[in-house]
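# An overview of the molecular structure
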Amino acid sequence: MTTVRLRAEGPADGVAINRLVAEAFASPDTRLPAEVRLVEALRASDAWLPELSMVAEVDGELVGYALLTRVDVWPGGVPALALGPVAVRPSRQRRGYGQDVVRAALDAAAELGERLVVVLGNPAYYRRFGFEPAARFGLTSPWSGLGDPWQALVLPSVDGSDDPVPSGEVTFPAPWSQI
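Let me begin by describing the structure that accompanies this report. Bear in mind that the values here come from a model prediction, so they are computed numbers and not experimental data.

### Let's talk about the overall build of the protein chain
Helix and strand counts for the protein chain come out as 4 helices and 9 strands. Listed by position from the N terminus, the elements making up the protein chain come as β-α-α-β-β-β-α-β-α-β-β-β-β. Computed over C-alpha atoms, the radius of gyration of the protein chain comes to 16 Å, within 12% of the 16 Å expected from 2.2 N^0.38 for 179 residues, which places it in the range of a compact globule. Projected onto its principal axes, the C-alpha coordinates of the protein chain cover approximately 40 × 40 × 30 Å.

### Digging into the pairing of strand 9 (residues 168–171)
One ladder, built from 3 bridges, connects strand 3 (residues 61–74) with strand 9; its direction is antiparallel. Residue pairing across strands places Trp 74 opposite Glu 169, the latter belonging to strand 9. Across 2 bridges, the pairing between strand 7 (residues 139–140) and strand 9 is parallel. When the bridges of strand 9 are listed, Leu 139 appears paired with Gly 168.

### What to know about the environment of Leu 42
By the element assignment, Leu 42 lies in helix 2 (residues 34–43). With residues near it in sequence (within four places) discarded, Leu 42 still touches Ala 47, Trp 48, Leu 67, Thr 69, Pro 173, Pro 175 and Trp 176.

### What to know about the packing of helix 1 (residues 14–24) against helix 2
Between helix 1 and helix 2, whose axes approach to 8 Å, the crossing angle comes to 150°. The pairing of helix 1 with helix 2 is recorded here as roughly antiparallel in orientation. Listed contacts from helix 2 to Gly 14, Ile 17, Asn 18, Val 21 and Ala 22 of helix 1 are Glu 35, Val 36, Val 39, Glu 40 and Arg 43. Looking at the contact of helix 1 with helix 2, its residues break down into 5 nonpolar, 2 polar and 3 charged.

### Overview of helix 1
Each full turn of the α-helix corresponds to 3.6 residues, which orients residues three or four apart in the same direction. Buried within helix 1 are the following residues: Gly 14, Ile 17, Asn 18, Leu 20 and Val 21. The buried residues of helix 1 occupy one face: seen down the axis, they fall within an arc of 165°. On its buried side, helix 1 packs onto helix 2, strand 2 (53–58), strand 3 and strand 4 (78–88).

### What about the side chain of Glu 9?
Here Glu 9 lies in the loop between strand 1 (4–8) and helix 1. Exposure remark for Glu 9: the relative accessible area of 15% places this residue in the buried category. Engagement of the side chain of Glu 9 in a polar contact is seen with the side chain of Arg 43, the distance being 3.1 Å. Of note is the side chain of Glu 9, whose polar atom sits 2.5 Å from the side chain of Ser 53. Those residues in contact with Glu 9 that sit more than four places away from it in its chain are Gly 14, Ile 17, Arg 43, Trp 48, Pro 50, Ser 53, Met 54 and Tyr 65.

### Topic: the pattern of salt bridges
This structure, assessed with the given rule, holds 9 salt bridges. Arg 70 is paired through a salt bridge with Glu 114; the nearest N and O atoms lie 2.7 Å apart. Of the two residues, Arg 70 sits in strand 3 while Glu 114 sits in the loop between helix 3 (97–111) and strand 5 (116–120), which places them 44 residues apart along the sequence. Three or more residues joined by partner-sharing salt bridges are found here, namely Arg 5, Arg 7, Asp 13 and Glu 57.

Conventions we followed
- Residue positions are given per chain, counting from 1 as you read along its sequence in written order.
- Reporting of local features is limited, given that this is a predicted model, to residues whose pLDDT is at least 70; pairs of side-chain atoms are given and counted only at 80 or more, and all residues count toward the totals for whole chains, interfaces and linings.
- Excluding hydrogens and water, the side-chain values take into account all heavy atoms of the structure.
- The helix count covers DSSP runs of H or I at least four residues long, the strand count covers runs of E at least two residues long, and both are numbered beginning at the N terminus.
- Radius of gyration: C-alpha atoms only; globule rule: 2.2 Å multiplied by the number of residues to the exponent 0.38.
- For two strands to count as paired, DSSP must find a minimum of two bridges between them.
- Whether two residues are in contact is decided by their heavy atoms: any pair within 4.5 Å suffices.
- Axis definition: a line fitted to C-alpha atoms, over the contacting stretch in the case of helices. Angles run 0 to 180 degrees between N-to-C directions.
- Note that the term roughly parallel is reserved for angles under 35 degrees, roughly antiparallel for angles over 145, roughly perpendicular for angles of 65 to 115, and oblique for everything else.
- Asp, Glu, Lys and Arg are counted as charged, while Ala, Val, Leu, Ile, Met, Phe, Trp, Tyr, Cys and Pro are counted as nonpolar; the rest, among them Gly, fall into the polar class.
- For the exposure calls, accessible area comes from a 1.4 Å probe over protein chains only, and a residue counts as buried if that area is under 20% of its type's maximum, exposed if over 50%, partly exposed in between.
- Of all possible arcs, the one meant is that of the directions from the helix axis to the C-beta atoms.
- Polar contacts, as counted here, are pairs of nitrogen or oxygen atoms within 3.5 Å of one another; within protein the pair requires one atom able to donate a hydrogen and one able to accept it, and residues that are adjacent in sequence qualify only if both atoms are side-chain atoms.
- By definition, a salt bridge exists where a carboxyl oxygen of Asp or Glu is found within 4 Å of a side-chain nitrogen of Lys or Arg.

Below, the structure is given as structure tokens:
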């Protein structure tokens, strides 16, 4: 039986994460996928939350990666999170590592008291985590026009309170404009 270790990214993981993301998003017409540049730029920005950069490790090899970074909902600048990129080493796909690392990231965010996560991705995949079309929450972004792939998830409150979910325009940090 394979044991998966789920943990936050460590100081020595940067190169391995970049390699993993590059392999997962490889394209014959691109030397370095935009997602690698995005991770590097987010890592150097105020949006970076190191405890929410999660890896899945099997036998010392990083096989999965999920990143949550800070975004804001306006009006009011209410803090929220954006999920992405999510990557699994191509030779290890379809084994649940992506699901494991996304769940670990979402669980860590909930433990930190975060309440709202947005993602742009395949609705069939992200629905398993509880994501719904963001329009249902009154959330807009530059990607709202894409419809159902623009999604949101309300995380459970740490203290059991039922605080209202913010609605409005989700603003992303500058690195997101590079992709």
